[in-house]
Amino acid sequence: MTPLVQAEQAVLGSVFLDPAQLDHLSPWLRPEHFSRPAHAALYAAMLKLRADAHPATTGKNGDPIPLSWVTDTVQEAGTRTRGLTASYAHSLISACPRPTHAPVYGRMVLEGAIHRSVTQHAIRLHQAARADAVRGGVEETVHHAQVLADVLADLAHRWGTEPQPVTPPASVTPSSQQPQSVDEQVLADEEFLLGCVSARPEQLLDVVDWLRPGDFADTGHQQIYRALGALHHRGEPIDQLTVLWETQRRGALSDGTLDAERVLRICDPLSFSGVAEHFGEQVVQASLVRTAAASARQVRALADDESLAPGRLIGYALHALGPLDEVRRRLRAASGTEPAPPRTGSLPAAAPPETRIDAARSRSRPYATGASAPMASAAPHAPAPDRATRRSPS
């Protein structure tokens, strides 16, 4: 018999011995918090008899408990489940160490219910994400993610804490999972998006507010998107060769993430045509599903750790859902249902300053035959006016 089952027996036995303990338990302990159906039925019957003003619940402190309290509870619970007998009720009474400790036993029951409930909803979120990855939608994932967040908030209030995300220490952070398999259509959408932006760099401004490098499932595609953003930020020309050169400068060729032929193929202006905003939204949708699956696995791993106190479990679980919430906000911005969230990342949302564009173009402009490059002026340059810029994705 597990400690959780013993706690459930003890709390029920304490109420049989002292029905007044329901005054301390009923505001926060519910029948669904019990793991065994028979225990849930008995506790629901106790609440029902208390609401009906059973004599055992209306007597004064110190009055003898009528024997009908046990028999009526078992009879009422029998209408909710089968197999309950008066002898089992008496065994619950003998399992209670001290009736006055009922609130402590009840919190043990609630603690087990919190771990169990978080596990169940994390599994449902993971299953929804896997299903959406197959059918290409996000509706079920978004729904179950919101359900899990609402459940965590309700459990926090019942436990007596505020539902606030808490960063878990490294000692309890779940180990990293194996990389998720990615559908070929997702990779194709990413290549289409990069090809559209390479062929028409002005389309980068249509997606930069809500598309992040981390939304790309392929690490090579992430590097190409960062290279495109860096070139745009510096005001330098964007074509096959400049993107290839930028990826090389970032080490993506030397570490094997990309090869030159692949970069040239993806950035070939004759291979792709379309609207970057459409493919960008598809990429963010796929990112949301992958992020939801990863968050669900992390939450489930946390809930499986029985040593975590409920308050910490809820805070750590809310922290694990943080990346998913961030992708959801950006997906709504991509669909135009709400403004784009403030950027903490890297790509610029507007054109860079004119002075930076001129300087970059002058570095890229070839000199006439026989002419020498202009010498740097000894006089210091006047400081450029302050303008709002955004960092590149490096």
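Just so you know, these numbers come straight off a predicted model, no measurement behind them.

Student: Is there a simple way to explain the overall build of the protein chain in this structure?
Tutor: If you tally the helices and strands in the protein chain, you get 17 helices and 0 strands. Residue burial in the protein chain is summarised as follows: out of 394 residues, 44% are buried. A fraction of 75% describes how many contacts in the protein chain between residues 6 or more apart in sequence connect residues 24 or more apart. Summing over all exposed atoms, the protein chain offers an accessible surface of approximately 20600 Å²; the carbon and sulfur share of this is 52%.

Student: Can you walk me through helix α15 (residues 310–320) in this structure?
Tutor: Counted residue by residue, α15 has 8 buried out of 11 residues, so it is predominantly covered. Next to the buried residues of α15 lie α7 (102–135), α8 (139–159), α14 (276–303) and α16 (322–334).

Student: Help me understand the pattern of salt bridges in this model?
Tutor: Two side chains with opposite charge may pair up if their charged atoms get near one another. Counted by the stated rule, this structure contains 15 salt bridges. A salt bridge links Arg80 to Glu76; the shortest N-O distance between them is 3.3 Å. Classification of Arg80 as partly exposed rests on a relative accessible area of 44%. When the shortest N-O distance is used, the salt bridge between Arg158 and Asp154 registers 3.4 Å. Residue Arg158 and its partner Asp154 are located together in helix α8, separated by 4 residues, close to a single helical turn.

Student: Could you clarify how one ought to interpret the packing of α7 against α8 in this entry?
Tutor: What describes two packed helices is the angle between their axes and the distance between those same axes. Taken N-terminus to C-terminus, the directions of α7 and α8 make an angle of 170°; their axes are 8 Å apart at the nearest point. Between α7 and α8, the crossing angle belongs to the class labelled roughly antiparallel.

Student: What is the right way to read the side chain of Gln203 from this model?
Tutor: When you line up the elements, Gln203 lands in the loop between α9 (184–199) and α10 (204–207). Overall, the relative accessible area of 4% leaves Gln203 in the buried class. Polar side-chain contacts of Gln203 include one of 2.9 Å to the backbone nitrogen of Ala276. Sequence-distant contacts of Gln203, defined by excluding residues within four places in its chain, comprise Cys196, Gly274, Val275 and Ala276.

Student: Please explain the confidence of the model for the protein chain as it appears in this structure.
Tutor: When pLDDT is low, close inspection of the predicted coordinates is not appropriate. Scored by pLDDT, the protein chain comes out at a mean of 86, with 84% of its residues at no less than 70. The secondary structure element of the protein chain with the lowest average pLDDT is helix α17 (residues 354–364), at 57, and the one with the highest is helix α3 (residues 37–51), at 96.

Student: Explain the nonpolar core to me, please; I cannot follow it from the model alone.
Tutor: The nonpolar side chains of a soluble globular protein tend to be buried, and buried together. One finds Phe16, Leu29, Leu211, Ile224 and Val243 to be the most contacted residues of the largest nonpolar core, which totals 93 residues. Aside from chain neighbours lying at most four places away, what touches Ile224 is Leu194, Val243, Thr247, Leu258, Val263, Ile266 and Cys267.

Student: How should I be thinking about the packing of aromatic side chains in this particular structure?
Tutor: Aromatic ring pairs are reported here in terms of the distance separating the ring centres and the angle at which the planes meet. Evaluated as defined, the whole model comprises 3 aromatic pairs. Summarising the aromatic geometry, the rings of Phe34 and Tyr43 are spaced 5.1 Å apart at their centres and angled 40° between planes, so their arrangement reads as tilted. We note that Phe34, like Tyr43, is buried. Ring centres of Phe216 and Tyr225 lie 5.1 Å apart, and the angle between their planes is 40°; on these two criteria the pair is classed as tilted. Take Phe216: its relative accessible area is 1%, and that puts it in the buried class. It is Arg107 that lies over the ring of Trp159; its NZ or CZ is 3.9 Å from the centre.

Student: Would you mind going over unusual backbone geometry with me for this structure?
Tutor: Negative phi characterises most residues that are not glycine, and trans characterises most peptide bonds. Although it is not a glycine, Ala53 adopts a positive phi angle of roughly 60°. Within the secondary structure, Ala53 is located in the loop between α3 and α4 (55–58).

Student: Help me understand helix α12 (residues 240–249), please; the structure alone is not making it clear to me.
Tutor: Each α-helix turn comprises 3.6 residues. Residues three or four places apart therefore point the same way. Among the residues of α12, those classed as buried are Val243, Leu244, Glu246 and Thr247. End-on, the buried residues of α12 take up no more than an arc of 165°, which puts them together on one face. Residues Leu241, Trp245 and Arg249 are exposed on α12 and point more than 90 degrees away from its buried face. Looking at the packing, one finds that the buried side of α12 touches α11 (219–234) and α13 (260–266).

Student: Quick question: what am I supposed to make of the environment of Ala44 here?
Tutor: With respect to the helices and strands, the residue Ala44 is situated in helix α3. Non-local contacts of Ala44, meaning those with residues more than four positions away in its chain, are made with Pro31 and Arg80.

Student: Just checking my understanding: could you explain the environment of Arg250 for this structure?
Tutor: Take Arg250: it is sitting in the loop between α12 and α13. Taking C-alpha positions, Arg250 is 8.1 Å from Gln223, a pair spaced 27 residues apart along the chain.

Thresholds, definitions, all that
Residues numbered from 1 in each chain as written. Predicted model: local features only at pLDDT ≥ 70, side-chain atom pairs only at ≥ 80, totals over all residues. Heavy atoms only, no water. Helix = DSSP H or I, 4+ residues; strand = E, 2+ residues; numbered from the N terminus. Buried < 20%, exposed > 50% of the residue type's maximum accessible area, 1.4 Å probe, protein only. Contact = heavy atoms within 4.5 Å. Areas by Shrake-Rupley, 256 points an atom, 1.4 Å probe, with all protein chains shown as cover. Salt bridge = Lys/Arg side-chain N within 4 Å of Asp/Glu carboxyl O. Axes fitted to C-alpha atoms, helices over the stretch in contact; angles between N-to-C directions. Parallel < 35°, antiparallel > 145°, perpendicular 65-115°, else oblique. Polar contact = N/O pair within 3.5 Å; in protein donor to acceptor, adjacent residues only side chain to side chain. pLDDT = per-residue confidence, 0-100. Core = buried A, V, L, I, M, F, W, Y, C linked by side-chain atoms within 4.5 Å. Phe/Tyr/Trp six-rings, centres within 6.5 Å; stacked < 30°, edge-to-face > 60°. Lys NZ or Arg CZ within 6 Å of the ring centre and 35° of its normal. Arc of directions from axis to C-beta.

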